[in-house]
Amino acid sequence: MQCRWEAKKSLAVNIAGIAMKTPVMVASGTFGFGLEFEDFVDLSQVGAVVVKGTTLLPRAGNSGRRIAETPAGMLNCIGLENPGVEEFLTAILPELSRRDVPVIVNISGNTVEEYGELAACLEGSGVAGLEVNISCPNVKQGGIAFGTCPDSAAAVVRMVKANSTLPVIAKLSPNVTDIVLMAKAVEGAGADAISLINTLLGMAIDIHSWKPVLGNTVGGLSGPAVKPVALRMVWQVARAVAVPVIGMGGIMTGEDAVEFLLAGAAAVSVGTANFIDPTAPVSVAAGIQTYLEQRRLNHVNDIVGQLILA
Amino acid sequence: MQCRWEAKKSLAVNIAGIAMKTPVMVASGTFGFGLEFEDFVDLSQVGAVVVKGTTLLPRAGNSGRRIAETPAGMLNCIGLENPGVEEFLTAILPELSRRDVPVIVNISGNTVEEYGELAACLEGSGVAGLEVNISCPNVKQGGIAFGTCPDSAAAVVRMVKANSTLPVIAKLSPNVTDIVLMAKAVEGAGADAISLINTLLGMAIDIHSWKPVLGNTVGGLSGPAVKPVALRMVWQVARAVAVPVIGMGGIMTGEDAVEFLLAGAAAVSVGTANFIDPTAPVSVAAGIQTYLEQRRLNHVNDIVGQLILA
Amino acid sequence: MSGKFAEPARVVSQVSLSDEVRRLTLAAPGTAAALRPGQFVHLKIADSYEPLLRRPFSVTAADPAAGTLEIIYRIVGKGTGLMAAMTAGDGVNCLGPLGNGFTPQGQRPLLVGGGMGLAPLLMLAGALCPRPVTVLMGGRDHRELFWTDLFAGVCHNTHITTDDGSMGRQGLTVDLLPELLAQNHFDMIYSCGPQPMLAAVARIAALRQIPCQVSLEDYMACGLGACLSCTCAGTDGKRRKVCTDGPVFWAGEVLA
Amino acid sequence: MSGKFAEPARVVSQVSLSDEVRRLTLAAPGTAAALRPGQFVHLKIADSYEPLLRRPFSVTAADPAAGTLEIIYRIVGKGTGLMAAMTAGDGVNCLGPLGNGFTPQGQRPLLVGGGMGLAPLLMLAGALCPRPVTVLMGGRDHRELFWTDLFAGVCHNTHITTDDGSMGRQGLTVDLLPELLAQNHFDMIYSCGPQPMLAAVARIAALRQIPCQVSLEDYMACGLGACLSCTCAGTDGKRRKVCTDGPVFWAGEVLA
Ligand SMILES: Cc1cc2nc3c(=O)[nH]c(=O)nc-3n(C[C@H](O)[C@H](O)[C@H](O)COP(=O)(O)OP(=O)(O)OC[C@H]3O[C@@H](n4cnc5c(N)ncnc54)[C@H](O)[C@@H]3O)c2cc1C
Ligand SMILES: Cc1cc2nc3c(=O)[nH]c(=O)nc-3n(C[C@H](O)[C@H](O)[C@H](O)COP(=O)(O)OP(=O)(O)OC[C@H]3O[C@@H](n4cnc5c(N)ncnc54)[C@H](O)[C@@H]3O)c2cc1C
Ligand SMILES: Cc1cc2nc3c(=O)[nH]c(=O)nc-3n(C[C@H](O)[C@H](O)[C@H](O)COP(=O)(O)O)c2cc1C
Ligand SMILES: Cc1cc2nc3c(=O)[nH]c(=O)nc-3n(C[C@H](O)[C@H](O)[C@H](O)COP(=O)(O)O)c2cc1C
Ligand code: FES
Ligand code: FES
């Protein structure tokens, strides 16, 4: 049953030109194409729908087991299963576009050129922006490599910018020594916003079979377990770059979101939370609204980056 | 009340020349100097006691709040509070040496030279080995820098080796892009064993005060939450180096330890677990013993590195 | 209006059916009213991050009037362990009804279930009444006897195999299946259980040209078709989501 | 043999003392027999990683014969929230007795406690009997009235301040303290409560040259002196571990 709730003006934000009714977006790969959650969420009350990672050609993803629960977290190795950009444009977007919510397409390529092609395909389609996934740890080619080297990350972003007039969000991998270096590289390459974190690379072993639990041996860790790491990186990046930062990693409640906002995130995304509470994007936004009201604050921007250091 | 349990021969291992009755050591900083746990654990049944990070001069550590609980984990910013190597040698080691357990000293320096001096101080003291902490993320100088750059990590290890005849264990930080690169660097520099992971750098924010929860703003994440990341790194390192690997990060049970052993760890350490169950080093070892017995395996080495890949 | 709910549900009662198996009755009126045989619920067991994810269970009975539904589950891990400790009044969050459910067709249906795979078939058997329903059930040993009692009320004929022969015929359901098919004129087969059993049932059904539906299991995060944790390869080369395209498929759709 | 235990303890009973405060009685025979006033226990509340760490609580009474001990706690977060839901028979793991405890000296002791800081003083008051014990207690408002009843049985004189004046004198304990000291001849002060209160009590005690012990609180992981989560600066420049060197200190040792 759809959760009836309407965002107040105090939650409205604008991220790199994308107007959102709330600062709570949904994280790519955790909310499908949005329509799957309409039984529970009025999409017009979601900040933005970031759709599943999309590639030029359809992908079947990884074989074998794809998820494993871990303490306060989960591992996944979906492997970018998706219908491909063509199918997205013809079969999914027309329906999704009827909803009053910005649609952001998360794109993934095997080569710098593929990212450019994807951006070009999506030009003029009516989507609100592109999120460049340079960080997905599951794909053996590409993925991890782009996201862990400042030069290649910058090259991807430049290529996407060159092929698009849309706002471009660069999504960073946390599996790096220096997240600020990565953030500055993509900012320098023209990214209009930066989102982080993608998943931490992890693993689980079945002690009965002596085999990895996941079909792909390793997978990406998400959920509450990673929140401290995500928050630290968001804080480091937000104080180092001028473009808006979209924070994510383990956000389950309005309180969690407030931590990210105080750390400097201009907006947040909920990911794993959607699997536990299908109304999460709305309940987290409502939690932020309550927080603001209790403190008689007029607008969510009044708390963004307001962390007080000793 | 001390937990009465005796390790069978099937658990005995030898790590870089250090003979241990069980493959379960205790992680530096989580077990004090060992004596603090004698009410609960017979130290002679612990693989090895790795003492609190020790520096040349005494250190007061960080001010403000030093720990915060997180989902299935904890953050700490102790800041290497310790009595200094002199006091360790004169006031603590004589008593600790009376126990039938290898003592490994975790050392931390601000410069490459300090590591050398520390190693020299500990030469001939009767300790069983040195663990070189190049990874503690809490100390503003040194610490993090050494542990995240292969060259400086190697320089530290070389210096320690040059000043010591003891087995030298290099302890790696997980806050790096390429853990295998770090492992190979310290192996190349002469490390006799590699231990990992130290804590993941994280943060928490108090949404009531708008301040960081921790006195040091950021701190190190440990406990079950980090286990998937730790296990992945131990697996990657164990298959890439020839020296023995000591695995740690979120080990709470014998089953957790078995995962690390299958991934290739020759021994494991329990850290945060000691705070929840003061008998952890023994209960984890007992859990491994039970696991071996149930499968009629003769020795713990029968499972080390036996992960079956598809 | 939509037919899916994420409702705070209360435990009405819980009974032991064997050492390891329990029947849990939940008050979840929205789901109970909308649910069809073969659909499942996805339960958030504790208001905690341990365990984090929901747990999927087939529904064995639903009473729209009373607003209750029943599941039968085996205690296997953390989540089911916590469930086993629940008593009347305890809360869970119930997401459902999920999945497509069986197509209740056929005048002489045969149900083939192995182990906990009998759960969704139980509600189906009830829905197929008063048509004559035959069930072929396989289990490890006589401790799964409770299934016989449960199906007795809704089925005409019950055939049993156990791995150790301690109840019914010794062997697997699929060992008995050809015989049963030869002796009867079934016009529809429904099956749920371990993957190898489903593959064998589907093969035998295809040989005899009897339409066959199978209910699959997979590891699930969202249960809503969004995360792609649970997809499997269709025989046409396209992926199927077990949680929304299934869990019930025509055998030929997913089994070669 | 050692005096510390990590014992599986059972809840004997739990009663509400106010909206937010509960008294929990635990069966923990080893700890109950060994514990002295001012020591504390470190409780692992649930057999789960949520919450992960133990929680420290002062003991307000111990009955070695019955093998039980009592704590009085305020519901403030996750751990105490779970504790509040416990009923007789539920289990916790009890690590204790921890810390050093008070030095029970003085013939005319004064106990000064603020809020939950009254907890360790309650057991101390009982141990100081039959010496005449005076307690000066401070709280937010009349909802902390229950402390008066608890101390009534063990103290000769009870003085009360509340922030809002809804019970006793309006103001802080330290506002009333100089007056009390002028009117009586106390030869020992014990204090526990918020840091600013302790600092003020210590200052006033030093002026009057009355020996004073304070009981500190800090965030704790191990409770055994191993992790250094809880250390504070001593006035001599050396660090003190609140969990093992304390929680009770001579005021001059830790407060300037
Ligand atoms: C559509 C569907 C219907 C099901 N119906 C029933 C039923 O009627 N009765 C019954 O006893 N069981 C049923 N199962 C299996 C049931 O979901 C698992 O036994 C349960 O999730 C185990 O949880 P746990 O925490 O006790 O085990 P753990 O092993 O601790 O679980 C760890 C993780 O693995 C998942 N998991 C473990 N086993 C399975 C499994 N067999 N299938 C899917 N996920 C699994 C859990 O959901 C969890 O995410 C069904 C599964 C599916 C997909
Ligand atoms: C020696 C000692 C004795 C204490 N005695 C009592 C007592 O008798 N009655 C009572 O009500 N409280 C007492 N406290 C405080 C009590 O430990 C906390 O209120 C409790 O840990 C809060 O747990 P929570 O999970 O409900 O709160 P959360 O806020 O969810 O706890 C999060 C973390 O912070 C820690 N924490 C939170 N508040 C405190 C605090 N004030 N002091 C230390 N750690 C804290 C918790 O232990 C946990 O690790 C004592 C503390 C110490 C150190
Ligand atoms: C099942 C699953 C699938 C995901 N797929 C993608 C993806 O396709 N592209 C992407 O950039 N991130 C993907 N992510 C990462 C999330 O978008 C998000 O960055 C991460 O999960 C951290 O947020 P969370 O802890 O709130 O889940 C996926 C995460 C999960 C759990
Ligand atoms: C409170 C605390 C203090 C620590 N101090 C040190 C230290 O002094 N030196 C060091 O190398 N590692 C230190 N560590 C890291 C641990 O030794 C270990 O690497 C880490 O906690 C991961 O293991 P765990 O998850 O089992 O705790 C400390 C960890 C904790 C929690
Ligand atoms: S469980 Fe998420 S798509 Fe099926
Ligand atoms: S709590 Fe660990 S030293 Fe005090």
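The rules behind each value
- Residues numbered from 1 in each chain as written.
- Chains lettered and ligands numbered in written order.
- Predicted model: local features only at pLDDT ≥ 70, side-chain atom pairs only at ≥ 80, totals over all residues.
- Heavy atoms only, no water.
- Helix = DSSP H or I, 4+ residues; strand = E, 2+ residues; numbered from the N terminus.
- Expected span 1.5 Å × (residues − 1).
- Buried < 20%, exposed > 50% of the residue type's maximum accessible area, 1.4 Å probe, protein only.
- Contact = heavy atoms within 4.5 Å.
- Core = buried A, V, L, I, M, F, W, Y, C linked by side-chain atoms within 4.5 Å.
- Pairing = 2+ DSSP bridges.
- Axes fitted to C-alpha atoms, helices over the stretch in contact; angles between N-to-C directions.
- Near = heavy atom within 4 Å.
- Polar contact = N/O pair within 3.5 Å; in protein donor to acceptor, adjacent residues only side chain to side chain.
- Areas by Shrake-Rupley, 256 points an atom, 1.4 Å probe, with all protein chains shown as cover.
- Nonpolar A, V, L, I, M, F, W, Y, C, P; charged D, E, K, R; others polar.
- pLDDT = per-residue confidence, 0-100.
- Least-squares fit on C-alpha atoms with pLDDT ≥ 70 in both.
- Phe/Tyr/Trp six-rings, centres within 6.5 Å; stacked < 30°, edge-to-face > 60°.
- Lys NZ or Arg CZ within 6 Å of the ring centre and 35° of its normal.
- Buried area = accessible area lost by both parts, 1.4 Å probe.
- Parallel < 35°, antiparallel > 145°, perpendicular 65-115°, else oblique.
- Left-handed = near helix turned anticlockwise from the far one by under 90°.
- Salt bridge = Lys/Arg side-chain N within 4 Å of Asp/Glu carboxyl O.

**Observations concerning helix α6 (residues 195–207) of chain D**
Residues and elements named next belong to chain D. Look at α6: 18 Å from first C-alpha to last across 13 residues, which is about the 18 Å you get at 1.5 Å a residue. Along α6, the residues that are buried comprise M197, L198, A200, V201, A202, I204 and A205. Buried residues along α6 sit against β8 (109–114), α5 (173–183), β12 (188–192), β13 (212–215) and α7 (251–254). Following α6 by one or two positions, Q209 has its phi on the positive side, about 55 degrees.

**Comments concerning the nonpolar core**
Within the largest apolar cluster, 327 residues are counted, with the highest numbers of intra-cluster contacts made by F88(A), L196(A), F88(B) and L196(B). Within the second largest apolar cluster, 26 residues are counted, among which are M116(D), L124(D), V135(D) and M188(D).

**Regarding the sheet that holds strand β9 (residues 134–139) of chain D**
All names here are of chain D. Read from one edge to the other, the open sheet built from 7 strands follows the order β11-β10-β9-β8-β12-β13-β16, with strand pairing classed as mixed. A single partner strand is all that each edge strand has here, and the edge strands are β11 (169–170) and β16 (248–250). For β9 and strand β10 (residues 157–162), the ladder comprises 6 bridges, and the chain directions are parallel. Each residue of the ladder has a partner; that of L136, found in β10, is H159. The strands touched by helix α3 (residues 118–128) are β8, β9 and β12; relative to β8, the strand with the most contacts, the crossing angle is about 160 degrees. Its contacts with the sheet place α6 against β8, β12 and β13, and it is angled at close to 170 degrees to β12.

**Let's talk about the site of ligand 3**
Residues and elements named next belong to chain A. Around ligand 3 there are 22 residues in total, and S28, K171, G223, G250 and T272 lie nearest to it. A distance of 3.3 Å is found between an oxygen atom of ligand 3 and a side-chain nitrogen or oxygen belonging to N133. Between ligand 3 and T272 there is a distance of 2.6 Å, counted from an oxygen atom to a side-chain nitrogen or oxygen. Across the complex, the protein chains shield 98% of the 600 Å² of accessible surface that ligand 3 would expose by itself. Taken together, the residues of the shell around ligand 3 break down into 5 nonpolar, 15 polar and 2 charged.

**A closer look at the site of ligand 2**
Around ligand 2 there are 20 residues in total, and R55(D), P56(D), R74(D), G79(D) and T80(D) lie nearest to it. Mapping the residues near ligand 2 onto chains gives chains B and D. Here an oxygen atom of ligand 2 sits 2.6 Å away from a polar atom, N or O, in the main chain of P56(D). Take E217(D): an N or O atom from its side chain is 3.0 Å from a nitrogen atom of ligand 2. Expressed as a share of its isolated accessible area of 830 Å², the protein-covered part of ligand 2 is 85%. Of all elements in the fold, only β4 (55–58), β6 (68–74) and α2 (78–84) of chain D reach the threshold of two or more residues within the shell around ligand 2. Considering every element that reaches the shell around ligand 2, the biggest residue donor is β4(D), with 4 residues. For the shell around ligand 2, the residue count by class is 10 nonpolar, 4 polar and 6 charged.

**A closer look at helix α7 (residues 254–263) of chain A**
For an α-helix, 3.6 residues make a turn, and residues three or four places apart therefore share a direction. When you tally the buried positions in α7(A), you get 9 out of 10 residues, the bulk of the element. Against the buried residues of α7(A) lie α6 (227–238), β15 (245–247), β16 (267–270) and α9 (280–294) of chain A together with β12 (205–206) of chain B. Where α7(A) terminates, the next one or two residues include G264(A), which has phi positive at roughly 125 degrees.

**Concerning the confidence of the model for chain A**
Detailed reading of the predicted coordinates is not advisable wherever pLDDT is low. Scored by pLDDT, chain A comes out at a mean of 95, with 96% of its residues at no less than 70. Throughout residues 137–143 of chain A the model reports pLDDT below 50, and contacts reaching past four residues in sequence, or to other chains, amount to 25 contacts.

**A word on the relation of the copies chain A and chain B**
What relates the two chain copies is a rotation about an axis together with a slide along it. For the pair chain A and chain B, the superposition axis carries a translation of 0.0 Å, the fit reaches an RMSD of 0.0 Å, and the rotation angle comes to 180 degrees. Each copy turns onto its partner about a two-fold axis. A shared binding surface is used by both copies, with 98% of the interface residues of chain A retained as interface residues in chain B.

**A closer look at the packing of aromatic side chains**
Under the definition given, this model contains 14 aromatic pairs over all chains. By the ring-pair criterion, three or more aromatic residues cluster together here, those being F146(C), W147(C) and F151(C). R65(B) extends its terminal NZ or CZ atom over the ring of Y219(D), reaching a point 3.5 Å from the ring centre. One cation-aromatic arrangement involves R295(B) over Y291(B); the distance from NZ or CZ to the ring centre is 3.8 Å.

**Description of the interface of chain A and chain B**
Taken residue by residue, the interface counts 45 residues in chain A and 44 residues in chain B. Carbon and sulfur atoms make up 72% of the area that chain A and chain B hide from each other, which totals about 3800 Å². Sorting the residues of chain A by area buried against chain B places M203(A), I207(A) and W210(A) first, and these three jointly supply 20% of that buried surface. Put simply, chain A and chain B have 15 residue pairs in polar contact (both at pLDDT 80 or more) between them. The set of elements that each furnish at least two residues to the side of chain A that touches chain B consists of β11 (200–203), β13 (211–212), β14 (218–222), α6 and α7 of chain A. Ranked by residues supplied to the side of chain A that touches chain B, first place goes to α6(A) with 6 residues. For the side of chain A that touches chain B, the class distribution of residues is 29 nonpolar, 10 polar and 6 charged.

**Section: the side chain of Q45(B)**
Residues and elements named next belong to chain B. For Q45, the location among the structural elements is in the loop between β3 (24–26) and β4 (49–54). At a separation of 3.2 Å, a polar atom in the side chain of Q45 contacts the side chain of S44. Leave out the neighbours within four places in its chain, and Q45 touches W5, E6, A7, K21, T22 and V282.

**Here we look at the packing of helix α7 (residues 254–263) of chain B against helix α9 (residues 280–294) of chain B**
Residue and element names in this part refer to chain B. For the pair α7 and α9, the least separation of the axes is 7 Å and the interaxial angle reads 70 degrees. Between α7 and α9, the angle is such that the two are roughly perpendicular. Considering only the axes of α7 and α9, their crossing is right-handed. Where α7 approaches α9, its residues G254, A257, V258 and L261 are matched on the opposing element by V284, G287, I288 and Y291. Across the contact of α7 with α9, the residue classes tally to 6 nonpolar, 2 polar and no charged.

**Remarks on the environment of Y219(D)**
Mapped onto the elements, Y219(D) comes out in the loop between β13 and β14 (231–233). Through-space distance from the C-alpha of Y219(D) to that of C230(D) is 5.7 Å; in sequence the pair is 11 residues apart. Beyond its immediate stretch of four places on either side in the chain, Y219(D) contacts R65(B), I67(B), S229(D) and C230(D). A polar atom in the side chain of Y219(D) sits 3.4 Å from the side chain of R65(B).

**Brief notes about the pattern of salt bridges**
Residues and elements named next belong to chain A. Applying the stated rule across the entire model yields 40 salt bridges over all chains. Between E95 and R98 there is a salt bridge, with the nearest N and O atoms lying 2.5 Å from each other. Judged by relative accessible area, which is 30%, E95 ranks as partly exposed. A network of salt bridges, in which partner residues are shared, links E38, E95, R98 and R99.

**Considering the packing of α6(A) against α7(A)**
All names here are of chain A. One way to put it is that α6 packs onto α7 with a least axis distance of 8 Å and a crossing angle of 25 degrees. Viewed along their axes, α6 and α7 adopt a mutual orientation that is roughly parallel. Where α6 crosses over α7, the handedness of that crossing is right-handed. Within the contact between the two elements, α6 uses K227, A230, L231, V234, W235 and A238 and α7 uses D256, E259, F260 and A263. Along the lines of polarity and charge, the residues of the contact of α6 with α7 split into 7 nonpolar, no polar and 3 charged.

**As for the sheet that holds strand β14 (residues 218–222) of chain B**
Hydrogen bonding along the main chain pairs the strands of a sheet, whether they run parallel or antiparallel. Across the sheet, which stays open at both edges, the 4 strands sit in the order β5-β6-β14-β11 (chain B) with antiparallel pairing between neighbours. In this open sheet, the two strands that pair with only one neighbour each are β5 (67–70) and β11 (200–203) of chain B. With strand direction ignored, the average angle separating the axes of adjacent strands in the sheet is 40 degrees. Here 4 bridges tie β11(B) to β14(B), and the two strands are oriented antiparallel to one another. When the sheet's bridge partners are listed, L200(B) is paired in β14(B) with L221(B). With respect to the sheet, α6(A) is in contact with β5, β6 (73–76), β11 and β14 of chain B, its orientation differing from that of β11(B) by roughly 75 degrees.

**Overview of the pairing of β6(D)**
Residue and element names in this part refer to chain D. Most of β6 sits inside the fold, with 6 of its 7 residues counted as buried. Two elements, strand β5 (residues 61–63) and β6, share 3 bridges in a ladder whose sense is antiparallel. Residue pairing across strands places A61 opposite E70, the latter belonging to β6.

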